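For reference, the chains in residue letters:
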Amino acid sequence: MNRCFVDPIVSGGLVGGDESSKLPVGPLNILGENRTFCPILATFYFSNFQKHDMSTAKTAITPTRAEDYPEWYQQVIKGADLAENSAVRGCMVIKPWGYSLWENMQKALDRMFKDTGHQNAYFPLFIPMSFLEKEAQHVEGFAKECAVVTHHRLEPDGKGGLRPAGPLEEPLIVRPTSETIIGATYAKWVQSYRDLPILINQWANVVRWEMRTRLFLRTAEFLWQEGHTVHATADEAMEETRKMLDVYTDFAENFMAMPVIRGEKTPGERFPGAVTTLSIEAMMQDRKALQAGTSHFLGQNFSKAQEIKFQSQAGQIEYAWTTSWGVSTRLIGALIMTHSDDDGLVLPPRLAPTQVVLMPIYRDEQQKADVMAYCESLCKQLQAQRAFDEPLRVEIDRRELRGGEKKWYHVKRGVPIRVEVGPKDMANQAAFVARRDTGESRSMPIAMLVESIGEQLKSIQDHLFAKALAMREANTVELANEKEFRAYFQPDDEQGRSVGGGFAKCWFSSEQEVQGLLDELKVTIRCIPLDAAQGTGTCFVTGKPATTQAIFAKAY
């Protein structure tokens, strides 16, 4: 069995990204065939990794994660050419490599939505302000983030400029989320129980005015999908809410290779207007949490506000039960911070726009012709193979650049497998193959490369999940009292870097009784895990008996 390499951030700080510095875990995998985490092996790995001296490591990205994590994140995005800030404050330009990544996410999720009976539709970008006013709790939650359109044309101002003209009779809100406008539409569509369920998803952009923005994680405009469903009973709606959380979990773990905790939000963290909010929570490499997807049981709140009523089988007029659920381009930020290292982006093969890149190396025109022909043949052979039940995505880098330039270009973009081909490789009917996740490289016969390429990509996918899971497990603790809690969640440093911390499992008596401490330390209740310990414990703040155990963490 091949050795398994891991380089997460450990509890004492961040560790480097120079491929030569990787430490082998040993002849066993951290994650077995059934994806069961091995704590003994993880303990062995982390204890040994902390002893490793990274002071001489050279990296493609500066600063490193250890030096300045927030700036490292921005530089990974720049190095991979994923996105950049736009001329519009708070908005971003998603560049082709970043958008290809989003398209692959869309493709996978869209297939999963349709496999669970959903259809796509599109609803207006503009929402009359009166629609939001009908659901008081909902509008309160979004009021400070809304962009408002008040005029419908421009006219010359007499000074060479323009000014708004033609005031609207009613202001229009640029879509922050679509529960109200879609609910008003559903009210027209639903008359009888025979019209139910309605299972619709929308791919769209939304606007939420943000004061402090960060590419992919928090921007004034972002891309997302939002599902909106209507049901005849509460049980059916709650089943839908859980089902879509399962879909998001499947996508996060099996496509993004990002382990998540499934749980329920506390009342203070719920979506505005929801009865129940379920979420998936992931740990980033700086040990902060990121909410990666939410699914909301809205009860009859929006149905009553938007008059979504139907005649039941018994002939009674009843309000419908609704749900909403969504993920966004924030997932790209999550993917970056889950897997990337100090040499740049690291992509799971299932989502990588290019899974294998061929890099021809030659000295003159004659060698170029021979090597390019060899690469064309190899490319066709690889494209005929399959990985994850799909044809391989293979690219030839035809640019007139030095081999080293090509290598680091693709390293920083996170291409899972690089294949270098030169005259000596041709003579030996071989190629030089390198993995992005571990840095391992070796010469490999062409026949072996073609035959094993699917398994190599699967190995990378599994390894990335194992590494991320090991990192999360090594930084998850149970805390019993306020003293331990304060010691664990030290304040961020002056650069906003997390000092200590991770995921803390704590028993608590009520949200109100712990909120003061959480605000002081900038910690939040991430969720009450669906598989949380049952029974009773002692509140870590008040010492009172408690029946709820939750995950506490600093978060994005």
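Residues numbered from 1 in each chain as written. Predicted model: local features only at pLDDT ≥ 70, side-chain atom pairs only at ≥ 80, totals over all residues. Heavy atoms only, no water.

From N to C terminus, the protein chain includes 15 helices and 27 strands. Within the protein chain, buried positions represent 53% of all 556 residues. Considering only contacts in the protein chain between residues 6 or more positions apart, those separated by 24 or more positions represent 71%. Just so you have it, the protein chain exposes about 24,900 Å², and 50% of that area is on carbon and sulfur atoms. (Helix = DSSP H or I, 4+ residues; strand = E, 2+ residues; numbered from the N terminus. Buried < 20%, exposed > 50% of the residue type's maximum accessible area, 1.4 Å probe, protein only. Contact = heavy atoms within 4.5 Å. Areas by Shrake-Rupley, 256 points an atom, 1.4 Å probe, with all protein chains shown as cover.)

Read across the sheet, 5 strands follow the order 18-15-19-20-21 without closing on themselves; strand pairing throughout is mixed. The open sheet is flanked by strand 18 (394-396) and strand 21 (441-445), the only strands paired with a single partner. With strand direction ignored, the average angle separating the axes of adjacent strands in the sheet is 25°. Direction of pairing for strand 15 (residues 356-360) relative to strand 18: parallel, over a ladder of 3 bridges. Each bridged residue has a counterpart across the sheet, and for valine 357 the counterpart in strand 18 is glutamate 395. Where helix 11 (residues 403-413) meets the sheet, it contacts strand 15, strand 18 and strand 19 (417-421), and its direction lies at approximately 170° from that of strand 15. Running at roughly 145° to strand 21, helix 13 (residues 446-474) makes contact with strand 15, strand 19, strand 20 (430-435) and strand 21 of the sheet. (Pairing = 2+ DSSP bridges. Axes fitted to C-alpha atoms, helices over the stretch in contact; angles between N-to-C directions.)

Moving on: the side chain of arginine 435. Structurally, arginine 435 is set in strand 20. Within the structure, arginine 435 has its side chain in polar contact with the side chain of aspartate 437 (distance 2.6 Å). The residues contacting arginine 435, other than those within four sequence positions of it, are Pro416, Glu440, Ser459, Ile460 and His463. (Polar contact = N/O pair within 3.5 Å; in protein donor to acceptor, adjacent residues only side chain to side chain.)

What follows deals with the nonpolar core. Core analysis: the largest hydrophobic core is formed by 58 residues, its most contacted members being Phe216 and Phe251. Residues Leu382, Val450, Ile460 and Leu464 belong to the second largest nonpolar core, which totals 30 residues. (Core = buried A, V, L, I, M, F, W, Y, C linked by side-chain atoms within 4.5 Å.)

Looking at helix 11, one finds that the buried residues are Lys406, His410, Val411 and Arg413. The inward-facing, buried residues of helix 11 contact helix 2 (69-80), helix 3 (96-115), strand 15, strand 18 and strand 19. Once helix 11 ends, the next one or two residues include glycine 414, with phi positive near 80°.

When pLDDT is averaged along the protein chain, the result is 90; 88% of the residues meet or exceed 70. Across residues 1-55, where pLDDT falls below 50, the model places 123 contacts with residues more than four positions away in sequence or in other chains. (pLDDT = per-residue confidence, 0-100.)

Where helix 3 meets helix 9 (residues 330-339), the closest approach of the two axes is 10 Å, and the angle between their N-to-C directions is 105°. Classified by the angle their axes make, helix 3 and helix 9 are roughly perpendicular. Across the interface between the two elements, Gly98, Leu101, Trp102 and Met105 from helix 3 touch Leu331, Ile332 and Leu335 from helix 9. Grouping the amino acids of the contact of helix 3 with helix 9 by side-chain chemistry returns 6 nonpolar, 1 polar and no charged. (Parallel < 35°, antiparallel > 145°, perpendicular 65-115°, else oblique. Nonpolar A, V, L, I, M, F, W, Y, C, P; charged D, E, K, R; others polar.)

Going through the model one piece at a time under the given rule, you end up with 17 aromatic pairs. Centroid distance phenylalanine 485 to phenylalanine 489: 4.8 Å. Interplanar angle 55°. Geometry classified as tilted. We note that phenylalanine 485, like phenylalanine 489, is buried. Judged by its relative accessible area of 1%, phenylalanine 489 is buried. Grouping aromatic residues by their ring pairs yields a cluster made of Phe485, Tyr488, Phe489, Phe508, Phe540 and Phe552. (Phe/Tyr/Trp six-rings, centres within 6.5 Å; stacked < 30°, edge-to-face > 60°.)

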